[in-house]
Amino acid sequence: MNEHRKKIIYFLIILIILSLFYYQKTFNIFQVDLNHQNREEFIQFECVRASELCGGWGDRLKGILSTYALSMVIDRKFTIKMVRNCDLRNILKPNEYNWDHDQVPENVNSKEVNIGWEFSYYDKLKKDLSLFKNLKNFQLIKVKAGIQFGNVLRENKNLHKKIKSLGYNVSEFHIALSLNKWYNQLFKLNNESQKKYESYLKRLKPNDKSKLICVQIRTGDPDSSVRRDYYTRIEYWRFINKNILNSSDSKNYKIFVTSDYETVKEEAQSYFPNNEVIYNKDSSFHIDKQGDDECRGLESVIFDFHMMQNCDIGVISHSGYGLLALLNRPDPFKELYVYSKEHKHIIL
């Protein structure tokens, strides 16, 4: 009886094994789950089509860094595909982190999430990440955004444990506090721009006593032909003279000026005859509206932004580009002064 029972058990085991083998071969069951488990999943910031609005470098960087922050908490590989009119890789190269979009396999199944400038996403992401976590079936998530949606991730209590596991204090998981770290993890200049950068830096900070004042003045919006805030430049010059260049060591200060209007930079040279004023010529672009030779314009805008990491003092307009440029310093809030349109003066 026992012998008979054993034969039946053996027979059933063999039958089960053969059945599993048959169904696996025929319907490819199990293999799908295995491939899904082992495959690399991506989240990609995109600005690719000529017809879409991407914003200026400030807006694009908000989207890039927010998507980078999101990639860390949902465990997806982060990439950038910014090729609209000019491929970003012609200007900036991956530094510590490889964000090159060529590593994404061809013909992957993908889903686009268009955040744009829709601030309602802030409230959504404070509560949960189902918008992205429910996309597990898509190997690639394409994000289009011009706002700092990544800043609210720290307010999501469900993410606190994950953020801490990444080595951050929850309160510091914010673009303003991590910008310099994240920017330098992601980017370095191309070889030609790096040589120019080193040359400029020798002029801006020739010795240990040198101090650098950075001025960034936005005079208007890209869609407007009116230089609405051009008159405010005088407030900047007066503030610098009264509050910064009033000491005995004022001769050690150099001034680096950026603006969306070339005349502002040229005027600064005549206003500060006792201090060297340095600026990058022909960098007064809003890259979403610059017209011909887009790579040259984008490269100049990014070069100015990259240069301002070295500012000891910042006097800037209340604009995304200028504010991000000065926050992109090891000590982001040190001697940072922002012009207030509401109060018509520089806020200390």
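Residues numbered from 1 in each chain as written. Predicted model: local features only at pLDDT ≥ 70, side-chain atom pairs only at ≥ 80, totals over all residues. Heavy atoms only, no water.

### Quick look at the side chain of Glu46
Alright, step 1. Position of Glu46 relative to the elements: it lies in strand 1 (residues 42–47).
Alright, step 2. A relative accessible area of 6% places Glu46 in the buried class.
Alright, step 3. Separated by 3.4 Å, the side chains of Glu46 and Lys144 make a polar contact.
Alright, step 4. Contact partners of Glu46, with chain neighbours within four places excluded, come to Lys81, Lys142, Val143 and Lys144. (Helix = DSSP H or I, 4+ residues; strand = E, 2+ residues; numbered from the N terminus. Buried < 20%, exposed > 50% of the residue type's maximum accessible area, 1.4 Å probe, protein only. Polar contact = N/O pair within 3.5 Å; in protein donor to acceptor, adjacent residues only side chain to side chain. Contact = heavy atoms within 4.5 Å.)

### Remarks on the state of the cysteines
Alright, step 1. Applying the stated rule across the entire model yields three disulfides.
Alright, step 2. A disulfide bridge connects Cys47 with Cys54, and the sulfur atoms are separated by 2.1 Å. One quick way to see it: the torsion about the S-S bond of Cys47 and Cys54 is about 105 degrees, and its sign makes the bridge right-handed. As far as burial versus exposure is concerned, Cys47 and Cys54 are alike and both buried.
Alright, step 3. Paired through a disulfide, Cys214 and Cys311 show a sulfur-sulfur distance of 1.9 Å. Between Cys214 and Cys311, the disulfide has an S-S torsion of -85 degrees and is therefore left-handed. With Cys214 in strand 7 (residues 211–217) and Cys311 in the loop between helix 11 (294–307) and strand 10 (313–316), the pair connects residues that are 97 residues apart, well separated along the chain.
Alright, step 4. On the accessibility criterion, Cys214 (0% relative accessible area) is buried. (Disulfide = S-S within 2.5 Å.)

### Thoughts on the packing of aromatic side chains
Alright, step 1. Counted under the stated rule, the structure contains 20 aromatic pairs.
Alright, step 2. Their ring planes at 45 degrees and their centres at 6.4 Å tell us that Phe78 and Tyr97 sit as a pair that is tilted. One end of the pair, Phe78, is in strand 2 (residues 77–82); the other, Tyr97, is in the loop between strand 3 (92–94) and strand 4 (110–116), and 19 residues separate them in sequence.
Alright, step 3. In textbook terms, an aromatic cluster arises when at least three aromatic residues are bridged by ring pairs, as seen for Trp57, Trp99, Tyr183, Phe187, Phe305 and Tyr321.
Alright, step 4. Cation over ring: Lys77 sits above Tyr97, and NZ or CZ is 4.3 Å from the ring centre.
Alright, step 5. One residue, Lys124, lies across the ring of Tyr121, its end atom 4.5 Å from the ring centre. (Phe/Tyr/Trp six-rings, centres within 6.5 Å; stacked < 30°, edge-to-face > 60°. Lys NZ or Arg CZ within 6 Å of the ring centre and 35° of its normal.)

### Notes on a nonpolar patch on the surface
Alright, step 1. Together, Tyr10, Ile13 and Ile17 make up an exposed nonpolar region whose accessible area comes to about 330 Å².
Alright, step 2. Positionally, Ile17 belongs in helix 1 (residues 2–27).
Alright, step 3. Among the residues examined, Ile17 registers a relative accessible area of 52% and is labelled exposed. (Patch = residues over 30% accessible without salt bridge, like charges linked within 9 Å, V, L, I, M, F, W, Y side chains within 5 Å. Areas by Shrake-Rupley, 256 points an atom, 1.4 Å probe, with all protein chains shown as cover. Salt bridge = Lys/Arg side-chain N within 4 Å of Asp/Glu carboxyl O.)

### Looking at the pairing of strand 8 (residues 253–259)
Alright, step 1. The element strand 8 is largely enclosed, with a buried count of seven among its seven residues.
Alright, step 2. Burial along strand 8 is two-sided: the residues Tyr253, Ile255, Val257 and Ser259 and Lys254, Phe256 and Thr258 are all buried.
Alright, step 3. Summarising the sheet, strand 7 and strand 8 pair through seven bridges and their orientation is parallel. Residue pairing in the sheet places Cys214 in a bridge with Phe256 of strand 8. (Pairing = 2+ DSSP bridges.)

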